[in-house]
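Residues per chain, in single letters:
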Amino acid sequence: MLFGVDWRRWREWPDRFAHVWRTSLQFRTVLLTVALTGAAVLVAGFLVSFIVGNGLYQSRLDQAYHDSARATTDAQKKLDASDATDPEAIDNLFLQVFGDIKNSTTTGLVASFRVPGQGIDAAAPVGVSTFGSGRDVITKDLRKAVQSAPHSVFAQSVALPSSDGSTDPGIVVGSQLQLPTAGRYELYIGYDLSDSEQTLLFVQHTLLIVGLVLLLLIAGITYLVVRLIVTPIRVAAQTSQRLADGDLEVRMPIANEDAFATLARSFNGMADALQRQITQLATLSQLQQRFVSDVSHELRTPLTTIRLAGDVIYDQREDFPPATARTAELLHAQVERFDRLLSDLLEISRYDAGSVVLELEPTNLVRLAEDAVDDMRPLAVTNGSEVRLEAPGGYFEVEMDPRRVRRVLRNVLGNAIEHGEGKAIVVTVDSNQSAVALSVRDYGLGMTEREVAHVFDRFWRADPSRKRTIGGTGLGLAISLEDAAKHDGWLDVWSSPHEGSNFRLTLPRVPGEPIASSPISLAPSDAPRDADDRPIGHELIGAQHDGDDNGNGASRSRGNGRGSGRERLGAWWRGDNRKQDGRGNGRGSGREGTVKA
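Overview of the structure. (Residues numbered from 1 in each chain as written. Predicted model: local features only at pLDDT ≥ 70, side-chain atom pairs only at ≥ 80, totals over all residues. Heavy atoms only, no water.)

Quick notes on the nonpolar core
- Leu413 and Phe456 are the most contacted members of the largest nonpolar core, which has 38 residues in total.
- Contributions of two or more residues to this core are made by helix 8 (365-382), strand 8 (397-400), helix 9 (402-419), strand 9 (425-431), strand 10 (435-442), helix 11 (476-486), strand 11 (490-496) and strand 12 (500-508).
- Setting aside its immediate chain neighbours within four residues, Leu413 contacts Ala372, Val373, Met376, Val387, Ile425, Val427 and Val440. (Core = buried A, V, L, I, M, F, W, Y, C linked by side-chain atoms within 4.5 Å. Buried < 20%, exposed > 50% of the residue type's maximum accessible area, 1.4 Å probe, protein only. Helix = DSSP H or I, 4+ residues; strand = E, 2+ residues; numbered from the N terminus. Contact = heavy atoms within 4.5 Å.)

This is the structure:
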């Protein structure tokens, strides 16, 4: 740990950076502004540095041309004014002129060589140079250019040797001199540009410092400006979240008269309208719930009287004429169905009011399933179906409300018997480390995509013209969904037309603990398959999920045990994967051909 940073976890930095980049508008804006400004400053710095460097070089080059031309002209005048003829005098004259040229330069770097191709002259002075070990800086190309143009001046950028063994930037300027009786000589003068280089370095350092300071200032200014803009947006987002969480009294503050104030006023007006509508709807919902509850309770007393009287008549039906006896039987059956309907309506009203309390006790789901199968077997035999129980797991006690779980089992098993077309029905119980599950598989009619989407709706029937054989009320599956959600469990369904259906109930092994995965696959192993060996059918996820049908996916639908079953459904089918959002509106995307989300 250094400077508060754990350097050992540097591999996580890219992920953290990406997370901050995705989640922080302020960070993105400041970083983009600094990056673009930095690029602009860098380009401007290079441009200024290039212009300044080029200007300094051109200025020194012009100065070198001027100084070299002046020195050459003065030297040539002295040579032309001399009347020396003997070799010694000519040699002394050459050295005197060479010394004058050397003294006129700041570097003292001068070299002169006799132009080749003039023949051998023993009296001609030998060339001299003060470049020392740097004599090679006078390149062959420069010498050829000077030798080919007697009346021209040439220059070349070179690296001049310095006293400490390093090199300094410089310029070598070459021209020709005419020495009397000795012929033409090349003249080279070196000029040091280290002072210009130091000036350029100073300019570059200044640009760098100014650029860094400018970047810091722009970053700070951008941060403050973006904060002024983002803060109202953040306040609006927080206010919206609180409003979505149910705090209908929350409002956005209005401080100024700018665009954000207009946004705040519009938002507050929308919140007021929503509050009025939600309050009105809540009042109507409460009135509706109270009405259903009161009517159910009020009907209970006369229904009890009618049932007692009907039982008396039903018990004496053998003494009546055939038509009257049949009437007594019909009366008895409808009173029984009316009584179950009232019970279901009362139960639904309790769920709508949020007053349901579970009565948990240790229960063995396998034993519960055996009892339910035994109770429903006579009805199954009547409809020609064989009910088979398979329990590879689940032989332990789990805290649950046995009355409600038994009701779920009876509802899904009765649904399988009614729609099983007299074919076999398989009840499976299994368990894993986090859950215990039960599934009811039939091989009857199955359901289409539209029918699967509404299977948990109240009073919904796939075929309204189809006669009920077990006297259902139309609320059984809706109540079953509520019972499963109240246990923090799942109630799901898979179905395929003409291939049957599979209802699956999954309960946590420990109440309140999350379910990692269901021990039973929602799509049965004998489901039809497509070309990719994926099960074909339609799924409806009927309660909260954190894993897929095999414990590996991520389809979910939120629920809190209140409201109608349809308000917490997520359905997967061709065209869209609809996850109900608490108001009955489907949204999402899905597919047919595979049941895994």
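Digging into the environment of Ile120
- Considering the arrangement of structural elements, one finds Ile120 in the loop between strand 1 (109-114) and strand 2 (128-129).
- Relative accessible area serves as the criterion here: at 90%, Ile120 is assigned to the exposed category.
- Between the C-alpha atom of Ile120 and that of Ala182, which follows or precedes it by 62 residues, the distance is 10.0 Å.

Regarding unusual backbone geometry
- The backbone of His498 sits at a positive phi, close to 65°, despite the residue not being glycine.
- If you trace the backbone, His498 turns up in the loop between strand 11 and strand 12.
- His498 sits in the exposed class, given a relative accessible area of 66%.
- Even without glycine at this site, Asp533 takes up a positive phi of about 65°.

Some points on the packing of helix 2 (residues 25-81) against helix 3 (residues 87-104)
- Close contact between helix 2 and helix 3 brings their axes to 10 Å; oriented N to C, the two are set at 160°. Between helix 2 and helix 3, the angle falls in the class roughly antiparallel. Crossing angle aside, the handedness with which helix 2 passes helix 3 is right-handed. Contacts between helix 2 and helix 3 involve Ala71, Ala75, Lys78 and Leu79 from the former and Leu93, Val97, Asp100, Ile101 and Ser104 from the latter. (Axes fitted to C-alpha atoms, helices over the stretch in contact; angles between N-to-C directions. Parallel < 35°, antiparallel > 145°, perpendicular 65-115°, else oblique. Left-handed = near helix turned anticlockwise from the far one by under 90°.)

Things to note about the sheet that holds strand 2
- A sheet is described by the order of its strands in space; here five strands give the open sequence 2-1-5-4-3, paired in antiparallel fashion. Looking at the sheet topology across the chains shown, the edges are occupied by strand 2 and strand 3 (154-161).
- With two bridges joining them, strand 1 and strand 2 adopt antiparallel strand pairing. Bridging across to strand 2, Ser112 finds its partner in Val128.
- Together, strand 1, strand 2, strand 4 (167-179) and strand 5 (183-192) form the strand contacts of helix 3, whose direction differs from that of strand 1 by roughly 150°. (Pairing = 2+ DSSP bridges.)

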